[in-house]
Amino acid sequence: MAPSGSRSIKRGCQRVLYWIPVLFIALIVAWSYYAYVLQLCIESIEDTGQKVVYLLVYHAVFIMFVWAYWQTIFTRPMNPLKEFHLSYSDKELLEREDRGESQQEILRRIAKDLPIYTRTNSGAIRFCDRCQLLKPDRCHHCSVCDRCILKMDHHCPWVNNCVGFSNYKHFMLFLAYSLLYCLFITATDLQYFIKFWTAGGRAHFRLKEYLNGLPDTQAKFHILFLFFSASMFSVSLASLFIYHCWLVCKNRSTLEAVRAPVFRHGTDKNGFSLGFSKNFHQVFGDEVKYWPVPIFSSLGDGCSFPSCLVNLDPEQPSSPSGSNLVNKGAAEGRQFPSKPLRESQSRLLTSTPSWTENDSATEKNKKGANNDGLTIENEA
């Protein structure tokens, strides 16, 4: 068989394998629905009012949970805009040059008209050889998806998708609603779970004799395992959700928490943090009514992010004292864009000025004009 055919078969098998964790979660959720609705509520609960309340609340949480999970899985990750891709002539020019400073000069020339402010650890322009593009700030190449993802957080096998700029809000809501789903099941199933264990010490030998509080049906087995699974998932989901809430408050991705972004002045873990309120709005948007709904409402276009390299915002600790750079968003005199993804993905920020390595004089003038304090306005 031709090598290309072998590679196609291999990729097809990999795509099937990648869906196994999602299928596992889907089966668990389907079983939990059967166990809770049919076996617990319909078969075991005798009080009609309690049964109706449980079913109404359960289905409300269940719908939001499934909706957020679906959106996280099937929202396509955003890739860098065409402005970040090398032109045919630039590719040829880059291939002709030896690797090193000559290639960096070419990349710096291309990057001077783009809103790129982060660098590699060595101070070089961030360039993806596989995608042949200059990486926007906070963009990373995913080895599983084999493409560059805007504001990549991580590749999650449980959703078989990259979590990034386009679906990070969906992922946060998925964690929130899945945790709420498990906690609700644990709380409402607890009294029936206790009846199982308090029925007698030899209940596993003589279930029919000791399960006085429950109907003699298969419901008792589902009630037992439903409580165990929901409580165990609650612990793991709570830790993951709390961690990502911390990331949102700090305006960091998982990758940035592991390795801080590098700017011209050096590494700065708080480089993109604008204070709690602005950080939260950057992910969930300005309109409160859209916060709990798994639809895209994040601010920006995913290619350019306001940073706070010298920060006088009392909500956030200052950056390293050795930094003499100004707040980029305030210095440029623009607001953080609040357009939805479908509108903002078609263009770059038109007000982003050119940037070169020799703009120190301009920075000094901007610093003098903003000595009374710098803030970033990101609300439309």
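Bear in mind the structure is a predicted one, so any value in this text is a computation, not a measurement. (Residues numbered from 1 in each chain as written. Predicted model: local features only at pLDDT ≥ 70, side-chain atom pairs only at ≥ 80, totals over all residues. Heavy atoms only, no water.)

Q: What's the story with the overall build of the chain in this structure? I'm lost.
A: The secondary structure content of the chain amounts to 13 helices and eight strands. A buried classification covers 48% of the 380 residues belonging to the chain. In the chain, of all internal contacts separated by at least 6 residues, the share reaching a separation of at least 24 is 66%. (Helix = DSSP H or I, 4+ residues; strand = E, 2+ residues; numbered from the N terminus. Buried < 20%, exposed > 50% of the residue type's maximum accessible area, 1.4 Å probe, protein only. Contact = heavy atoms within 4.5 Å.)

Q: Before we go on, may I ask you to explain the environment of C245 in this structure?
A: By the secondary structure assignment, C245 is in helix α8 (residues 219-250). Separated by 35 residues in the primary sequence, C245 and F280 place their C-alpha atoms 9.3 Å from one another.

Q: Help me out: how do you make sense of a nonpolar patch on the surface in this one?
A: A cluster of nonpolar side chains, namely L17, Y18, I20 and V144, defines an oily patch on the protein surface of about 340 Å² accessible area. Along the chain, I20 turns up in helix α2 (residues 20-42). Looking at I20, the relative accessible area reads 47%, which means it is partly exposed. (Patch = residues over 30% accessible without salt bridge, like charges linked within 9 Å, V, L, I, M, F, W, Y side chains within 5 Å. Areas by Shrake-Rupley, 256 points an atom, 1.4 Å probe, with all protein chains shown as cover. Salt bridge = Lys/Arg side-chain N within 4 Å of Asp/Glu carboxyl O.)

Q: I'm lost on the state of the cysteines in this one. Help?
A: Disulfide: a covalent bond formed between the sulfur atoms of two cysteine residues. Evaluation of the coordinates by the stated rule reveals zero disulfides. No disulfide involves C128; its sulfur sits 3.5 Å from that of C148, the nearest cysteine. (Disulfide = S-S within 2.5 Å.)

Q: What am I meant to see in the packing of aromatic side chains here?
A: Given two aromatic rings, their pairing is described by the distance between the two centres and the angle made by the two planes. Inspection of every chain in the model, using the stated rule, returns 27 aromatic pairs. With 6.4 Å between their ring centres and 45° between their planes, F24 and W158 make a pair best called tilted. Of this pair, F24 sits in helix α2 while W158 sits in the loop between β5 (154-156) and β6 (161-163), placing them 134 residues apart in sequence. Of the aromatic side chains, those joined through ring pairs into one cluster are Y33, Y36, Y54, Y58, F62, F65, Y69, Y168, F171, F174, Y181 and F184. Taking NZ or CZ as reference, R138 lies 4.5 Å from the ring centre of F272, over its face. Sitting over the ring of F305, R138 keeps its end group 5.0 Å from the ring centre. (Phe/Tyr/Trp six-rings, centres within 6.5 Å; stacked < 30°, edge-to-face > 60°. Lys NZ or Arg CZ within 6 Å of the ring centre and 35° of its normal.)

Q: How should I be thinking about the side chain of T75 in this particular structure?
A: Inspection of the secondary structure puts T75 in the loop between α3 (48-74) and α4 (88-96). Look at T75 and you get buried, because its relative accessible area is 15%. Polar side-chain contacts of T75 include one of 2.5 Å to the backbone oxygen of Q71. Those residues in contact with T75 that lie beyond four places of it in its chain are N161, S166, N167 and H170. (Polar contact = N/O pair within 3.5 Å; in protein donor to acceptor, adjacent residues only side chain to side chain.)

Q: Mind showing me how you'd approach unusual backbone geometry here?
A: When glycine is set aside, most residues are seen to have a negative phi, and most peptide bonds are trans. Of note in the backbone geometry, Q132 takes a positive phi value of approximately 55° without being a glycine. As for its placement among the helices and strands, Q132 is situated in the loop between β1 (127-128) and β2 (133-134). Backbone geometry places R138, a non-glycine residue, at a positive phi of 70°. Considering the arrangement of structural elements, one finds R138 in the loop between β2 and β3 (140-142).

Q: Explain the confidence of the model for the chain here, please?
A: Interpreting fine coordinate detail is not advised for predicted regions of low pLDDT. In this model, the chain carries an average pLDDT of 79, and 74% of its residues clear a pLDDT of 70 or more. The lowest-confidence element of the chain is helix α11 (residues 328-332), averaging 35 in pLDDT; the highest-confidence one is α3, averaging 97. Contacts of residues 200-212 to residues separated by more than four positions or lying in other chains number 13 contacts, the stretch itself having pLDDT below 50. Across residues 310-380, where pLDDT falls below 50, the model places 131 contacts with residues more than four positions away in sequence or in other chains. (pLDDT = per-residue confidence, 0-100.)

Q: So what exactly am I meant to see when it comes to the packing of α2 against α8 here?
A: Relative to each other, α2 and α8 sit at 130°, their axes nearing to 10 Å. By the angle between their directions, the pair α2 and α8 is classed as oblique. The crossing of α2 and α8 is left-handed. Residue-level inspection shows I28, W31, S32, Y34, A35, Y36, Q39 and L40 of α2 in contact with α8, the latter providing A219, H222, I223, F225, L226, S229 and F233. Class assignment for the residues of the contact of α2 with α8 results in eleven nonpolar, four polar and no charged. (Axes fitted to C-alpha atoms, helices over the stretch in contact; angles between N-to-C directions. Parallel < 35°, antiparallel > 145°, perpendicular 65-115°, else oblique. Left-handed = near helix turned anticlockwise from the far one by under 90°. Nonpolar A, V, L, I, M, F, W, Y, C, P; charged D, E, K, R; others polar.)

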